[in-house]
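# Geometric and topological summary
What follows is each chain in one-letter form.
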Amino acid sequence: SFTMSGGTIVLQRVNIQTFPDYINLAATNNVTGGTLQIGNASTAAGQNFRINSTAPIFNLVLDATTQTKSAQLLTNSLVVKNNIDIQGGTLNANNLNFTVGGNWNNNGSFTAGTGLVTFNGIAGQAISGNNVTTFNRITLDNLAGLTLNRNVNISGTTNALTFTNGKITTGGFTLFLSNTGAAVTNAGAGKYVFGFLQKAFSNTALSKTFE
């Protein structure tokens, strides 16, 4: 079993074995706080940390003090109950999924692959950061909604953007579906983009519906 209610687990350097650097396969878990921090000021450049966890993480931080490091999911999709903060370096989903209950902040880079990011908090959530955060697919399941504090690109096609509950509010920013085959699923009353929604056209796809 695994219980975490506060504090910080810091991964300072990768191991030289073939197994992941953070492994948590606890069948019973209770995570109500705390942070998994990837890297610190003593982390050497070029470190690629590997994460394999079936237990949720409360906060996930990719530290900014060594910009050339990265964190990569290996086998299991990851549930982050609160915030994901990419301060620097690269977070690689390795074609797996993230479920996020808090805010997504990207001042580094995110490699989505074919993965899905689901925003399912109970309070309002936000996507922020200095860089455009490119996602493959997004699902919103939050009655309090999701706010963009940054332009966001979704590059996937089938179910590129799925609404289960809540609205995406763009403010002065834009949500861009960059694939001409991108589909928006389950939009309707109370479930839509409130603001700027941009879609890619091609010479074979000249008709679009804006939800």
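Remember, it's a predicted structure, so these values are computed and weren't measured experimentally.

### Some details on the overall build of the chain
- Each helix and strand in the chain was counted, giving zero helices and 22 strands.
- Here the C-alpha atoms of the chain give a radius of gyration of 18 Å, agreeing with the 17 Å that 2.2 N^0.38 yields for 211 residues.
- Based on the C-alpha atoms only, the size of the chain along its principal axes is roughly 55 × 35 × 30 Å.
- The burial tally for the chain puts 47% of its 211 residues in the buried class.
- Within the structure as shown, the chain displays about 9500 Å² of accessible surface, and the carbon and sulfur contribution to it stands at 49%.
- Placing the 10 positive and 5 negative side-chain charges of the chain at their respective mean positions leaves the two points 5 Å apart.

### Points about empty space enclosed by the protein
- Taken as a whole and assessed by the stated rule, the structure comprises one cavity of 30 Å³ or more.
- In this structure, the largest cavity spans a volume of roughly 60 Å³.
- In terms of lining, the largest cavity is formed by F2, M4, I9, Y22, V31, G34, T35, L36, P56, I57 and F58.
- For the lining of the largest cavity, the secondary structure elements donating two or more residues are β1 (2-11) and β3 (29-38).
- With four residues, the top contributor of residues to the lining of the largest cavity is β3.
- Of the residues assigned to the lining of the largest cavity, the class counts are nine nonpolar, two polar and no charged.

### What about the packing of aromatic side chains?
- Applying the stated criterion across every chain, the model contains seven aromatic pairs.
- When the ring of F98 is compared with that of F110, the centres are 6.0 Å apart and the planes differ by 65°; the resulting orientation is edge-to-face. One end of the pair, F98, is in strand β10 (residues 98-100); the other, F110, is in strand β12 (residues 109-111), and twelve residues separate them in sequence.
- Among the residues examined, F98 registers a relative accessible area of 0% and is labelled buried.
- Judged by relative accessible area, which is 10%, F110 ranks as buried.
- When the ring of W104 is compared with that of F119, the centres are 6.4 Å apart and the planes differ by 65°; the resulting orientation is edge-to-face. Of this pair, W104 sits in strand β11 (residues 104-106) while F119 sits in strand β13 (residues 116-119), placing them 15 residues apart in sequence.

Rules behind the numbers
- Per-chain numbering applies: the sequence of each chain, read as written, is numbered from 1 onward.
- The predicted nature of this model means local features are confined to residues of pLDDT at least 70 and side-chain atom pairs, given and counted, to a pLDDT of 80 or more, with totals for whole chains, interfaces and linings taken over all residues.
- The side-chain numbers reported here are obtained from all heavy atoms of the structure, hydrogens and water having been left aside.
- Helical segments are the DSSP runs of H or I of at least four residues, strand segments are the runs of E of at least two, and each set is numbered from the N terminus.
- With C-alpha atoms as the basis for the radius of gyration, the globule rule is written as 2.2 Å multiplied by the number of residues raised to the power 0.38.
- The buried label goes to any residue with under 20% of its type's maximum accessible area, the exposed label to any with over 50%, and the partly exposed label to all in between, with areas taken from a 1.4 Å probe on protein chains only.
- Calculation of accessible area relied on Shrake-Rupley with a 1.4 Å probe; when residues are assessed, cover is drawn exclusively from the protein chains displayed.
- Neither His nor the chain ends contribute to the count of charged residues, in which Lys and Arg are positive and Asp and Glu negative.
- A charge is said to be at NZ when it belongs to Lys, at CZ for Arg, at CG for Asp and at CD for Glu.
- Lining residues are those with an atom within 4 Å of a point, where the points come from a 1 Å grid over the protein atoms alone and group into cavities, where a 1.4 Å probe fits but cannot get out, or pockets, open sets with protein on both sides within 12 Å along at least five of seven lines.
- Grid points are joined across faces, edges and corners, and a volume is the space filled by probe spheres set on the points.
- When residues are sorted by character, Ala, Val, Leu, Ile, Met, Phe, Trp, Tyr, Cys and Pro go into the nonpolar class, Asp, Glu, Lys and Arg into the charged class, and all the rest, Gly among them, into the polar class.
- Planes of paired rings set the category: under 30 degrees apart is stacked, over 60 is edge-to-face and the rest tilted, where pairs are Phe, Tyr or Trp rings (Trp by its six-membered ring) whose centres lie within 6.5 Å.

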